[in-house]
Amino acid sequence: MNTGQLIMRNLRKNSKTYGLYIFSLTFSAALYFAFVTLQYDPALDEAAASVKGAAAIRSASVLLVAIIAIFLLYANRLFLKRRSKEIGLFQLVGMRKGRIFGLLSGENVLVYFGALAVGVFIGFYLSKLAMVSLYSIIGVETAAKLHFSGAALTQTLLVFAAIYVLMMAFTYVYIRKQTILSLFQIKAKTETITQGFRAFEIAVGILGIVLIGFGYWLSSKLFEGQFVTQSELFLAMTTILAACIIGTLLFYKGTVSFVAKVIRRKKDGYLNIREVMSLSSLMFRMKSNAVLLTVITTVSALAIGLLSLSYITYYSAEKSAQQWVPTDFAFVSGEDAEAFKIKLDHIGVDYQERTTEFIQGNVNIEEIIASSTEMMTGTVEEMAITSAAYMTDVHVSTDEAVLTGYNDLLQRFVTFKEEGDIAIELGEETISQQYRGLKKEFVIPYFYPSSGMPTVVVNEETFASLKKQQEAEKSYGIDIVEESAVVEANTAYQEMDFHEQSESQWAMATNQKAHMGLYMFIVAFLGLTFLITSGCILYFKQVDETEGEKHNYTILRKLGFNRRQLEKGSYAKQLFAFGIPLLLGLSHSYFAVQSGWFFFGGELWTPMLLVMAVYTALYSIFALLSVWHTKKVIKEAL
């Protein structure tokens, strides 16, 4: 039989084995081609001229290549492992290693590039779905069209050809290194069988939990004023990262099997079939796969965390714009505000004026500071001072003041006491005021120097007295009466040229959504790619393990356990196999997001929980597929 006949015969014989391999290849090719098609689609930059879409997607495509290459190399490794006995038999009958490599290379050329062609075809249609999603997120009202890119096809072929060469190099090294005996024993080597409690394993298990707990505790203290210098902040962040990653590795190495053994010992050996099937897998398999599970958990946490933070920014765009620009339109110059009012009158848009007088001066807040980081330059800060007449719900006497314009970001760097005195220093005169609390409402736009600090609100008489010491500045604000007319007013605003700085709240929110929407789309695409690749890897491993345990199901059936009991045991096993990495990844990402979400927006829970829910739902699909496959194997075994 010549090599060509052997290749075709092997393809037919290993069609089931190739199924998973072809799926992973097709999926990877479809995803990559859809992504790079966006990169070369001219409509992207034309539709969102202010967003450098192609440049950002080009950068992300490099990361996508790395994820896909690692995934395909891992899939190829599993594929070789499943065919290890077959490779050993070839050697046993006298076939040389060079010919075996040629045989596998020939099979791979047909399978690999066949799957690549199907993947490109699917990716072509998938690119339109991706484009529609992107336009929807960034708010571009343009119809997405199918665009076949020759450049995207060339790039896809080059990338996958390079990955193919890499895979064949790995296959060659694999065949050269293995002996006939080792090829027949490869599957048994992956299981680490240990009996009883060992002091080292107990120590590793406890240390894993302690390190993860320490990382969480340190992250909760990160922005509570415990670390006041940049070097301390850097050291704290590095320690958190190291503690969580090493703790996760030790958790899989020792904690899981230790807990499983404790449960087994408490049962005094009287385990039901469900406990036998699930605990055995935890004790013998999770420890062997500790490094792989650590990588999956860490990158899952990274993907969920980055997606949560980008969605927080996107979700909080309107609220952030309201903080930076308290009115629909804000002007430094009164002449510019007058010109805009004339324009609004001309197009028939109703509006209300909101002019705010304020003074920028030094305020001594030493007595009311509870804690602060080094970002506070001192206890005397340049702050805006305004009158309570400009606020609807602030009532203070002549010797009282409140602070307003306090957000979550500022709260992380400075906290205030409930009472105390503040001193307003204007020239040589100092006016003492009793501090009466904090409010979140913003009254001064961002383009004034003191806008980073809260604004001091004093009594009308006090403010009139202060104006005698220093001339007041004015912020000119315009609010549109009908919300539906804001877009029309913004169009008119964009058509005008103003002499001094001005801002549109609607435009600021829309621009932030467009920019962050693109980044969120890219992060979501990469996160989805990693989710699917890691889900596939876990699924492949479960399929491999399930088929390796096929003979065990036959023995258990002979011992009297029925099919339903075996299936329940497999459910528990899949729950642990997929659930533990997922729960640990969600927990890591929660503490990561909690430690710095306030830099990205004003809303935490809704965006974060939505991201976690979607990630969990998609991830669960692979667990369900694994359950379905296990049921099929059990049925065949019985």
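Keep in mind the model is a prediction, meaning the values are calculated, not measured.

Chemist: What am I meant to see in the packing of aromatic side chains here?
Modeler: In this description, an aromatic ring pair is defined by two values, namely the gap between the centres and the angle between the planes. One pass over the full model with this rule turns up 33 aromatic pairs. Residues Y615 and Y619 carry aromatic rings whose centres are separated by 6.4 Å and whose planes lie at 15° to one another, so their mutual orientation is stacked. With a gap of 4 residues between them, Y615 and Y619 both fall in helix α21 (residues 605–637), about one helical turn apart. Three or more aromatic residues joined by ring pairs make a cluster, and in this case those are Y32, Y112, F113, F160 and Y164. Over the ring of Y314 we find K513; its NZ or CZ atom is 6.0 Å from the centre of that ring.

Chemist: Is there a simple way to explain helix α5 (residues 84–92) in this structure?
Modeler: Owing to its 3.6 residues per turn, the α-helix brings residues three or four apart onto one side. Buried within α5 are the following residues: S84, E86, I87, G88, F90 and Q91. Positive phi shows up at G94, right after α5, with a value of about 100°.

Chemist: Explain a nonpolar patch on the surface here, please?
Modeler: Among the surface-exposed residues, L528, V614, L618, I621 and L625 lie close enough to one another that they form a single nonpolar patch of about 370 Å² accessible area. Of the residues forming the nonpolar patch, the biggest block, 4 residues, is contributed by α21. Within the fold, V614 resides in helix α21.

Chemist: Where do I start with the nonpolar core in this structure?
Modeler: As a rule of thumb, nonpolar side chains are buried together in soluble globular proteins. Core analysis: the largest hydrophobic core is formed by 108 residues, its most contacted members being Y21, L72, Y112, F160, I163, Y252 and F521. When residues of this core are assigned to their parent elements, the largest contribution, 16 residues, is made by helix α18 (residues 505–548). Listed in part, the 24 residues of the second largest apolar core include I359, L426, Y435 and A472.

Chemist: I tried to follow the pairing of strand β10 (residues 473–480) on my own but got confused; where do I start?
Modeler: Two strands pair when backbone bridges link them, and strand β1 (residues 329–331) and β10 are joined in this way by 3 bridges, in the antiparallel orientation. Bridging from a neighbouring strand, F329 pairs with I478 of β10. Pairing of strand β2 (residues 351–364) with β10, which is carried by 8 bridges, proceeds in the antiparallel orientation. Across the sheet, residue R354 finds its bridge partner in β10, namely G477.

Chemist: Sorry if this is basic, but what is going on with the confidence of the model for the protein here?
Modeler: Any segment with low pLDDT has predicted coordinates that should not be analysed in fine detail. Taken over all residues, the pLDDT of the protein has a mean of 82, while the share at 70 or more is 89%. Element-level mean pLDDT values for the protein span from 61 in helix α3 (residues 42–47) up to 94 in β1.

Chemist: Honestly, the environment of G437 in this entry has me stumped. Any pointers?
Modeler: Assignment of secondary structure puts G437 in strand β8 (residues 429–439). Along the sequence, G437 and E418 sit 19 residues apart, while their C-alpha atoms lie 6.2 Å from each other. Aside from chain neighbours lying at most four places away, what touches G437 is A401, V402 and L403.

Chemist: Please explain the packing of helix α9 (residues 199–221) against helix α20 (residues 563–594) as it appears in this structure.
Modeler: α20 packs onto α9 with a crossing angle of 25° between their chain directions and a minimal axis gap of 9 Å. Classified by the interaxial angle, the pair formed by α9 and α20 is roughly parallel. Residues I212, Y216 and S219 of α9 lie in contact with α20, whose contacting residues are L584, S587, H588 and F591.

Chemist: What exactly am I supposed to notice about the side chain of T630 here?
Modeler: Tracing the backbone through its elements, the reader meets T630 in helix α21. The exposure class of T630 is buried, given its relative accessible area of 1%.

Chemist: Just to check I follow, could you spell out the packing of α18 against α20 for this structure?
Modeler: Think of two packed helices as two axes; the pair is described by the angle between the axes and how far apart they sit. Packing of α18 against α20 brings their axes to within 11 Å, and their N-to-C directions diverge by 145°. The two elements α18 and α20 cross, and the hand of that crossing is right-handed. Between α18, through G535, L538, Y539, Q542, E545 and T546, and α20, the contact on the second element is made entirely by K573, Q574, A577 and F578. Within the contact of α18 with α20, the residues separate by chemical class into 4 nonpolar, 4 polar and 2 charged.

Chemist: How should the pattern of salt bridges be read in this particular structure?
Modeler: Side-chain pairs of opposite charge can arise whenever the charged atoms involved come near each other. All told, the structure shown has 13 salt bridges when counted by the stated rule. The salt bridge partner of K343 is E495, with a shortest N-O separation of 3.7 Å. Of this pair, K343 sits in helix α14 (residues 334–347) while E495 sits in the loop between α17 (486–494) and β11 (502–504), and the two are 152 residues apart along the sequence. K343 gets classed as partly exposed once you look at its relative accessible area, which sits at 25%. Owing to a relative accessible area of 56%, E495 belongs among the exposed residues under this scheme.

Parameters and conventions
Residues numbered from 1 in each chain as written. Predicted model: local features only at pLDDT ≥ 70, side-chain atom pairs only at ≥ 80, totals over all residues. Heavy atoms only, no water. Phe/Tyr/Trp six-rings, centres within 6.5 Å; stacked < 30°, edge-to-face > 60°. Helix = DSSP H or I, 4+ residues; strand = E, 2+ residues; numbered from the N terminus. Lys NZ or Arg CZ within 6 Å of the ring centre and 35° of its normal. Buried < 20%, exposed > 50% of the residue type's maximum accessible area, 1.4 Å probe, protein only. Patch = residues over 30% accessible without salt bridge, like charges linked within 9 Å, V, L, I, M, F, W, Y side chains within 5 Å. Areas by Shrake-Rupley, 256 points an atom, 1.4 Å probe, with all protein chains shown as cover. Salt bridge = Lys/Arg side-chain N within 4 Å of Asp/Glu carboxyl O. Core = buried A, V, L, I, M, F, W, Y, C linked by side-chain atoms within 4.5 Å. Pairing = 2+ DSSP bridges. pLDDT = per-residue confidence, 0-100. Contact = heavy atoms within 4.5 Å. Axes fitted to C-alpha atoms, helices over the stretch in contact; angles between N-to-C directions. Parallel < 35°, antiparallel > 145°, perpendicular 65-115°, else oblique. Left-handed = near helix turned anticlockwise from the far one by under 90°. Nonpolar A, V, L, I, M, F, W, Y, C, P; charged D, E, K, R; others polar.

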